[in-house]
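A structural walkthrough
As a plain string of letters, each chain reads:
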Amino acid sequence: MARTVPPNEEARSVFERLGYAISGDGPEFIAQRKWRSVRVRTLCAEDATRPGTLDGEYGLECLVTWTDCVDELDERLTEQAPDGEWAIIGVDDDGNHEVHRAA
């Protein structure tokens, strides 16, 4: 099933459970804990096929999408070979998540 809505609330929930403070609204926000800031972008199924470029300027960047879109997103990002630290988190409707890290 194509997911046309990004998993905004699910992404926020994952980072809050991990002890991060969240700032910002919408499909992009900043998650902060201690010294670490993470730029988080949530992507619907269509956006996962064309995620844009990661420039590495922010430091750690995390893309959150639906679990069934993770492989496509990972393939697109691997093709880009972006600079900097990045990760992908796949989430589902039940609040479960799986972290996929960059190679």
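Whatever comes next refers back to the structure up there.
Quick caveat, the model's predicted, so the values are computed rather than measured.

**Details of the sheet that holds strand β5 (residues 86–91)**
In spatial order, the strands read β1-β2-β3-β4-β5-β6; together these 6 strands make up an open sheet with mixed pairing. Two strands bound the open sheet, and with one partner strand each, they are β1 (21–23) and β6 (97–101). Adjacent strand axes in the sheet meet at a mean angle of 25° when their direction is disregarded. The sheet contact formed by strand β3 (residues 36–43) and strand β4 (residues 60–66) spans 6 bridges and is parallel. Among the inter-strand pairings, L43 is bridged to a residue of β4, identified as T65. Each of β3, β4, β5 and β6 touches helix α3 (residues 70–80); the most contacted strand, β5, lies at about 165° to it.

**Quick word on the environment of R17**
By the element assignment, R17 lies in helix α1 (residues 8–17). Considered as a pair, R17 and C62 are 45 residues apart in the sequence and their alpha carbons are 16 Å apart. If near-sequence neighbours (up to four positions away) are discounted, R17 is found in contact with G95 and H97. Polar contacts involving the side chain of R17 include one to the main-chain carbonyl oxygen of G95, which spans 3.1 Å.

Definitions and limits used
Residues numbered from 1 in each chain as written. Predicted model: local features only at pLDDT ≥ 70, side-chain atom pairs only at ≥ 80, totals over all residues. Heavy atoms only, no water. Pairing = 2+ DSSP bridges. Helix = DSSP H or I, 4+ residues; strand = E, 2+ residues; numbered from the N terminus. Axes fitted to C-alpha atoms, helices over the stretch in contact; angles between N-to-C directions. Contact = heavy atoms within 4.5 Å. Polar contact = N/O pair within 3.5 Å; in protein donor to acceptor, adjacent residues only side chain to side chain.

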